[in-house]
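Letter by letter, the chains look like this.
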Number of protein chains: 2
Amino acid sequence: MTDHFDSTGSPVLVALDWGTSSLRGFLMDEAGGVLAERASPHGIQHLPHPGAAGFEAAFAALCGDWLAACPDLPVVAGGMVGSAQGWVEAPYVPCPADARSLADHAAWVEVADGRRLLIAPGVLYDPPDAAPDVMRGEEVQIAGALAENPAWAASACVAMPGTHSKWVRVADGKIVGFATHMTGELFAVLKNHSLLGRLMPAEGVASPQDEAAAFALGLDAARDGEPGALPHQLFATRTLGLTRRLPPEALSHYLSGLLIGHELTASLAMTRRVWPNGAPLLLIGDAGLCRRYARALDHFGATVTAQLGNTAPRGLFQFAAAAGLIAAAP
Amino acid sequence: MTDHFDSTGSPVLVALDWGTSSLRGFLMDEAGGVLAERASPHGIQHLPHPGAAGFEAAFAALCGDWLAACPDLPVVAGGMVGSAQGWVEAPYVPCPADARSLADHAAWVEVADGRRLLIAPGVLYDPPDAAPDVMRGEEVQIAGALAENPAWAASACVAMPGTHSKWVRVADGKIVGFATHMTGELFAVLKNHSLLGRLMPAEGVASPQDEAAAFALGLDAARDGEPGALPHQLFATRTLGLTRRLPPEALSHYLSGLLIGHELTASLAMTRRVWPNGAPLLLIGDAGLCRRYARALDHFGATVTAQLGNTAPRGLFQFAAAAGLIAAAP
């Protein structure tokens, strides 16, 4: 395992971003910088053994040598490792939530050699007039993003594109509300398991012009759609192919535009309501997907304030500091 | 194969309702009554042999004896048998469409013994301001429904719940426009292939009260949703389970209510626009699914004029008459 060094400080923390399909470890210095970074495929659904032994083995394989060299380093983890299917369950904390409330409700897990890891909880948003919503992992990324800029901590909208995209409202340094959109999963199940995927070729790509036109057509349909329109508009992915209005290679881009467009239509209406005078709009997530969302937001006339990289290590550092395991960064 | 006799007239027509997953045959009398009815599993995706031989074998197995007894009977067919994946392709005819325009654009297919079958085309709706839409099979059912009542032929809305629900506008005896909603397929792929299905138990049913409450909760969410809301509202199927607001057995009923509710929200807005003074609303489809839609329509304050049984044989009779293969019913 090769370490990738970004910093020259002294190690004070091992931070684990432990999701469903992957595990990432960060050796961090006293300023919150990353000294070394590693990744393994041992997400909580892909462990080397079942049960607690699988978590222990994945943990030891990823960073046993770091801890052999520095036995006293505290270890923290966030993400699905704290879910009901994780190593130990750290139940959701309610909004408003920040690094401190995460630390106050974190869960300890004991490793066989006597070491303890502190696992961050997820966050529950439970509005009186709508169904509850949950996140697990994103709250850590947000804590990291807010540590980067006090203006964002004061008030911001954080958009986190993905399988289950999150649109998060931040005020006074806290997560005050959020909405999950199943955009990425809808795209995947419709492409792979519905009639809509039948006309999409397994190979071949659309020209950049065709791709852009199909994506824009989907975005426009979503923006102009009336309430309840989506189950009907989805079918156009098929009819635009059947009638050869779009080339087969471009059909998935229409579907992508339609689904992202629905997410943006609802989310931008929310931002106009919550922040009539505007607010910073931050994008956090996979770089390619964030570029796609940035194009869609531009098409909708919205401006992205900043597109952030991986803010999870910085967020885990904030969590560890709030829990008193390390001194807060200066 | 046992025949089921409903009538005592003389046979004048063999009519085939030939879909993706099943084949139904009807021996019909001169008044459009059904003398005998048979079904086989040989839908166009489940034929006994590949290619044309499969269609011939399925046809001969279903009604070879009818035609041995009455060799001169004309034979007509409707449904996916006329699609690009069918026996012969009968390309879509544009709206406005009726039994006559179907007959004018029907396709003949030759059987090995020299017999010919007339296959009905599907219908294309191609509005200037939206994506095109298509149907294949429903147009025959509608022709049958309109033959039952002149008032419906003058002006009606026909709702056909299913995997791909259709909402059809009828005026002056013709299909003038329609919209397909992927409601049934969305429900199936989300239940079987997405995270939403994970909390739904494979066995066990909700109490009638829990089922009704969950269904109504989904309907209300759809009715009150803003444009673009569905990708977010779907996630509540998970969070209502995670937070134990709904019992696991009721989660699928929330999802069903949410999706049907979106279809109804868009479709009832269309009916209010097209028929500000109201119009007959007909339901055609699977009896259990029609009951579920009737409950949902009642919840939305809409009144169903009539719920019809299988109108396909009557529609195939109208198609055969328009094609001059039989005398029109008196």
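Right above here is the structure, for reference.
I will try to describe carefully the structure that is included in this document. Each chain has its residues counted from 1, running along the sequence as written. Written order determines the labels here, with chains lettered from A and ligands numbered from 1. Only residues with pLDDT of at least 70 are given local features in this predicted model, and only at 80 or more are side-chain atom pairs given and counted; all residues enter the totals for whole chains, interfaces and linings. To get the side-chain values, all heavy atoms of the structure are used, and hydrogens and water are removed first.

### Remarks on the pattern of salt bridges
And step 1. Salt-bridge detection follows one rule: a side-chain nitrogen of Lys or Arg within 4 Å of a carboxyl oxygen of Asp or Glu. Enumeration according to the criterion identifies 16 salt bridges over all chains in this entry.
And step 2. The salt bridge partner of Asp-65 of chain A is Arg-38 of chain A, with a shortest N-O separation of 2.7 Å. Taken as a pair, Asp-65 of chain A in helix α1 (residues 51–69) and Arg-38 of chain A in strand β3 (residues 34–40) lie far apart in primary sequence, 27 residues in all.
And step 3. Think of it in three bands: residues with accessible area under 20% of the maximum for their type are buried, residues over 50% are exposed, and the middle band is partly exposed, with areas taken using a 1.4 Å probe on protein chains only. Owing to a relative accessible area of 43%, Asp-65 of chain A belongs among the partly exposed residues under this scheme.
And step 4. Taking relative accessible area as the criterion, Arg-38 of chain A reaches 5% and is therefore assigned buried.
And step 5. Put simply, Asp-224 of chain B and Arg-223 of chain B hold a salt bridge, and the shortest N to O gap is 3.7 Å. Helix and strand definitions follow DSSP, with helices as H or I runs of at least four residues and strands as E runs of at least two, each counted in order from the N terminus.

### So, the interface of chain A and chain B
And step 1. The criterion used for residue contact is that any of the two residues' heavy atoms lie within 4.5 Å. Taken together, the contact between chain A and chain B spans 45 residues of the former and 45 residues of the latter.
And step 2. Two parts placed together each lose some accessible area under a 1.4 Å probe, and adding up what both lose gives the buried area. Carbon and sulfur atoms make up 67% of the area that chain A and chain B hide from each other, which totals about 3,700 Å².
And step 3. Interface area lost by chain A to chain B is led by Met-182, Pro-231 and Phe-235 of chain A, which between them contribute 16%.
And step 4. Counting every contact that joins chain A to chain B gives four salt bridges.

### Points about the packing of helix α6 (residues 208–224) of chain A against helix α10 (residues 287–299) of chain A
All names here are of chain A.
And step 1. In this description, a line fitted to the C-alpha atoms serves as the axis of each element, helices being fitted only across the stretch in contact, and the angle between N-to-C directions of two axes falls anywhere from 0 to 180 degrees. Where α6 meets α10, the closest approach of the two axes is 11 Å, and the angle between their N-to-C directions is 55°. Viewed along their axes, α6 and α10 adopt a mutual orientation that is oblique. Viewed along their axes, α6 and α10 form a crossing whose handedness is right-handed. Within the contact between the two elements, α6 uses Glu-211, Ala-212, Phe-215, Ala-216, Leu-219, Asp-220 and Arg-223 and α10 uses Arg-292, Arg-295, Ala-296 and His-299. Angular relationships are summarised with four words: roughly parallel below 35 degrees, roughly antiparallel beyond 145, roughly perpendicular across 65 to 115, and oblique for the angles in between. Helix crossings are classified by the rotation of the near helix relative to the far one: an anticlockwise turn of less than a right angle makes the crossing left-handed, while a clockwise turn makes it right-handed.

### Topic: the relation of the copies chain A and chain B
What relates the pair of chain copies is a rotation about an axis plus a shift along that axis.
And step 1. The transform that puts chain A on chain B rotates by 180° and translates by 0.0 Å along the axis, for an RMSD of 0.1 Å. Such a turn and shift between the copies fits a two-fold axis. Among all residues of chain A, the minimum C-alpha distance to the rotation axis is found for Pro-227 of chain A, at 2.2 Å. Here the copies are matched by least squares. The fit uses the C-alpha atoms of residues with pLDDT of at least 70 in both.

### A closer look at the pairing of strand β10 (residues 155–160) of chain A
Residues and elements named next belong to chain A.
And step 1. Taken across its six residues, β10 has five buried, putting it largely inside the fold.
And step 2. Across six bridges, β10 lies against strand β11 (residues 165–171) in antiparallel orientation. From the neighbouring strand, Val-158 faces β11, where its bridge partner is Val-168.
And step 3. Counting the residues that bridge the hairpin from β10 to β11 gives four residues.
And step 4. Both β10 and strand β13 (residues 281–284) contribute to a ladder of three bridges, which runs parallel. Bridging from a neighbouring strand, Cys-157 pairs with Leu-281 of β13. When DSSP finds two or more bridges between two strands, those strands count as paired.

### Considerations on the sheet that holds strand β6 (residues 107–110) of chain B
Residues and elements named next belong to chain B.
And step 1. Spatially, six strands are ordered β3-β2-β1-β4-β7-β6 in an open sheet, and the strand pairing comes out mixed. Strands at the two margins of the open sheet, each flanked by one partner only, are β3 (34–40) and β6. Strand after strand, the sheet turns through a mean of 25° between neighbouring axes, direction not considered.
And step 2. Relative to strand β2 (residues 23–29), strand β1 (residues 11–18) runs antiparallel, the two being bridged by seven bridges. Each residue of the ladder has a partner; that of Ala-15, found in β2, is Phe-26.
And step 3. Helix α1 (residues 51–69) rests against β1, β2, β3, β4 (75–78), β6 and β7 (116–119) of the sheet, and its axis sits at about 155° to β1.

### Let's talk about empty space enclosed by the protein
And step 1. A 1.4 Å probe that fits but cannot get out identifies a cavity on a 1 Å grid over protein atoms alone, an open set with protein on both sides within 12 Å along at least five of seven lines counts as a pocket, and a residue lines either if it has an atom within 4 Å of a point. Grid points are joined across faces, edges and corners, and a volume is the space filled by probe spheres set on the points. This structure, assessed with the given rule, holds one cavity of 30 Å³ or more.
And step 2. If you add up the space inside the largest cavity, you get close to 30 Å³.
And step 3. Amino acid classes used here: Ala, Val, Leu, Ile, Met, Phe, Trp, Tyr, Cys and Pro are nonpolar; Asp, Glu, Lys and Arg are charged; the rest, including Gly, are polar. Of the residues that constitute the lining of the largest cavity, the class distribution is six nonpolar, four polar and one charged.

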